[in-house]
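Next come the chains, spelled out residue by residue.
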Amino acid sequence: MKHSLDQLRQRLRLTLWVSVALLVSGPAGAQNLVLTPVLPADVGKNPEALTVGDFNTDGWQDIATVNSGSDDVTMLFGNGNGTFRSGISFGVGRSPMFLTSGEFNQDGKLDLIVAETGSDGILVLFGKGNGFFEPPVFYPSGKGPTFVSVGDVDGDGDADVVATNSGRFGNYPPYSLSVMLNDGQGRLSAAKQYEVQDQHGLFPTGVSIADLDGDGLPELTVTWSQPSWRTPNGMVSVLKNQGQGDFVRSQDIEVGFTLSAVTQVDLDADGHLDLIAASLFTDSLKVLLQEAPGKYTKPANLDVGFSPMSLAFHDLNADGNWDLIASNRASNSASIFLGRGDGSFQSAGHFAVGATPTSVGVEDFNGDGLPDVVTTNGDSDDVSVLLSGKAMIPSINLSTDAVQFASTVLSSDESEKLLTVSNVGLGALKIYDVVLEGPDSQSFSIQDGACSGMTLATGNLCSLHIRFAGSESRPHHAQLTIWDNAPGGPRIVSLSGEVKG
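Residues numbered from 1 in each chain as written. Predicted model: local features only at pLDDT ≥ 70, side-chain atom pairs only at ≥ 80, totals over all residues. Heavy atoms only, no water.

**Regarding the sheet that holds strand β13 (residues 176–180)**
- Taken together, four strands build an open sheet; the order of strands is β11-β12-β13-β14 and the sheet is antiparallel. Among the strands making up the open sheet, the edge pair consists of β11 (145–151) and β14 (192–194). Each strand of the sheet is rotated relative to its neighbour by a mean of 25 degrees, with strand direction disregarded.
- In this sheet, β14 lies alongside β13 in antiparallel orientation, the contact comprising three bridges. Looking across to β14, one finds that Leu-177 is bridged to Tyr-194. (Pairing = 2+ DSSP bridges. Helix = DSSP H or I, 4+ residues; strand = E, 2+ residues; numbered from the N terminus. Axes fitted to C-alpha atoms, helices over the stretch in contact; angles between N-to-C directions.)

Structural data, given as structure tokens:
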């Protein structure tokens, strides 16, 4: 999706105003958490989920999104300052609904796991270490997988795959949970299915892998809902690990209605993992503290925005306590709660993001040591990034995006033209390289070293002297590619010249 500069400025202005207003209007003590929005980054159509990692091994965090409306994955390579280059997308089959990342074949490069909902299976894409991937390998999983979690469930040190087969959120049963073991080289075993029996019409929406009882074997904690998201039914089930990746259902927990996500972390520092689930029907997070293995407190409510779809935990304000973040698809917001360390929380407010946020993540995108928040936005086809602290983002301006030469007999004033590159943002603009390329690149030249490797402070500029020296009587075409750390790069400047007669 393309936007004019005025449209992008308006989107940023609106997001910034709403985010700051909500933060200031929060409770006393919450003002120490400052989140600053940057311009949203466009991805494919209807992004459903995201995963974060250094996919091109340049030391900066990147984002991968899976997009159900365009049947593809979009890679956003980080600039190291909280902004991203223009997205690169590649197809991954029918109706992909979820993805996650990890190292699955022990080669030191990040790989992707994609839930290909329309084909009832899982895709494994081995990373090349440069941001690109080998062709996907398909594994059948069950009916309409919509969520995937990875972890070592059989104790061999490799990341295994657990998928929730929801029949695309209750559209076509039977529903099940699939466990697929990794052989250490990234090859997955045939799916072993659990919970295939009728669960009173409920389908699985999410699964968490964590050792709940301290025996060294991770359990599976699964959220369940009904095909109508607003039908007040839902539960959490725990599947105990029997060893070697085999599971048996051991506990059902009444948590809340219409559950969409689950995670576990020790919120009160007592050595037991606690349970947090998102409830779409009640617009809340449900917090259950685990007092002893399998023994939980009654659910405590944390009121969030409308229809929380995804959740994450992180220590956002560096106080040593776990905080919670939820994305709310019906109120276009992310809700943040700061943990007190005893299992209770203080609201830090609701922060505006794009239209219909579908997932949320936390990572340091600008290298300042502070965690930042990111959401995928299903109806605005982009991701929103909220940077901790005050964001100092560069913005690049080119005097033109097309340089044209035309002459019958080349003269000195026509054979050279000037392109200026300016920093109109607040952060330092780094120009990594200026590359002349294209079918007739030999007909054009630029001054050696001009702009390349420069860092421009706010208001500063550099100049590129472009020469045309075509010798054949015909049109000539090439382009300049400018690699920089401002949002949406690289920049492309088209070059054309014509020699007549």
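**Overview of the pattern of salt bridges**
- Inspection of the entire model under this criterion finds eleven salt bridges.
- Put simply, Arg-249 and Glu-195 hold a salt bridge, and the shortest N to O gap is 2.6 Å. Within this pair, whereas Arg-249 is found in strand β18 (residues 246–253), its partner Glu-195 is found in the loop between β14 and β15 (203–210), the two being separated by 54 residues in sequence.
- By relative accessible area, which is 7% here, Glu-195 ends up buried.
- Between Lys-240 and Asp-213 there is a salt bridge, with the nearest N and O atoms lying 2.5 Å from each other. Taken as a pair, Lys-240 in strand β17 (residues 234–243) and Asp-213 in the loop between β15 and β16 (219–225) lie far apart in primary sequence, 27 residues in all. (Salt bridge = Lys/Arg side-chain N within 4 Å of Asp/Glu carboxyl O. Buried < 20%, exposed > 50% of the residue type's maximum accessible area, 1.4 Å probe, protein only.)

**Brief notes about empty space enclosed by the protein**
- With the rule as written, the count across this model stands at one cavity of 30 Å³ or more.
- For the largest cavity, the calculated volume is near 30 Å³.
- In this structure, the largest cavity is lined by Leu-267, Asn-321, Trp-322, Gly-339, Arg-340, Gly-341, Asp-342, Gly-343, Ser-344 and Phe-345.
- Its residues assigned to classes, the lining of the largest cavity shows three nonpolar, five polar and two charged. (1 Å grid on protein atoms, 1.4 Å probe; cavity = no way out; pocket = protein on both sides within 12 Å on 5 of 7 lines; lining within 4 Å. Points joined across faces, edges and corners; volume = space filled by probe spheres on them. Nonpolar A, V, L, I, M, F, W, Y, C, P; charged D, E, K, R; others polar.)

**So, the environment of Phe-84**
- Its place among the elements puts Phe-84 in the loop between β5 (72–76) and β6 (88–91).
- Taking C-alpha positions, Phe-84 is 7.8 Å from Asn-485, a pair spaced 401 residues apart along the chain.

**Observations concerning the packing of aromatic side chains**
- Applying the stated criterion across every chain yields a total of twelve aromatic pairs.
- With centroids separated by 5.1 Å and ring planes inclined at 35 degrees, the aromatic side chains of Phe-444 and Phe-468 adopt a geometry described as tilted. Pair noted here: Phe-444 is in strand β36 (residues 444–446) and Phe-468 is in strand β38 (residues 461–468), with a separation of 24 residues, a long-range link.
- Here the aromatic cluster, defined as three or more aromatic residues joined through ring pairs, consists of Phe-55, Phe-90 and Phe-133.
- Its end group placed over the ring of Phe-405, Lys-417 keeps NZ or CZ at 5.5 Å from the ring centre. (Phe/Tyr/Trp six-rings, centres within 6.5 Å; stacked < 30°, edge-to-face > 60°. Lys NZ or Arg CZ within 6 Å of the ring centre and 35° of its normal.)

**Brief notes about the state of the cysteines**
- The tally for this structure, following the rule as stated, stands at one disulfide.
- Across the disulfide, Cys-451 is cross-linked to Cys-462 (sulfur-sulfur distance 2.1 Å). Residues Cys-451 and Cys-462 are joined through a disulfide that is right-handed, its torsion about the S-S bond being 120 degrees. Separated by eleven residues along the polypeptide, Cys-451 in the loop between β36 and β37 (455–456) and Cys-462 in strand β38 bring together distant segments of the chain.
- In this structure Cys-462 comes out as buried when scored by relative accessible area, which is 5%. (Disulfide = S-S within 2.5 Å.)

**Section: the sheet that holds β15**
- Judged by pairing direction, the sheet is antiparallel, and its four strands sit side by side in the order β15-β16-β17-β18 without closing on themselves. If you trace the sheet from one side to the other, it starts and ends with β15 and β18, each paired once. Going from strand to strand, the sheet's axes swing by 25 degrees on average, the running direction of each strand aside.
- As judged from the seven bridges shared by β17 and β18, these two strands associate in the antiparallel manner. Bridge pairing links Asn-241 to Phe-247 in β18.

**Regarding the environment of Ala-450**
- Within the element layout of this structure, Ala-450 appears in the loop between β36 and β37.
- You can call Ala-450 buried: its relative accessible area is 9%.
- Separated by 14 residues in sequence, Ala-450 and Leu-464 place their C-alpha atoms 5.8 Å apart.
- Sequence-distant contacts of Ala-450, that is, excluding residues within four places in its chain, are made with Val-434, Ser-463 and Leu-464. (Contact = heavy atoms within 4.5 Å.)

**Topic: the side chain of Ser-443**
- Relative to the elements of secondary structure, Ser-443 occurs in the loop between β35 (429–437) and β36.
- By relative accessible area, Ser-443 is classed as buried at 6%.
- Discounting residues that sit within four places of it in the chain, Ser-443 has contacts with Arg-467, Phe-468, Ala-469, Gly-470 and His-476.

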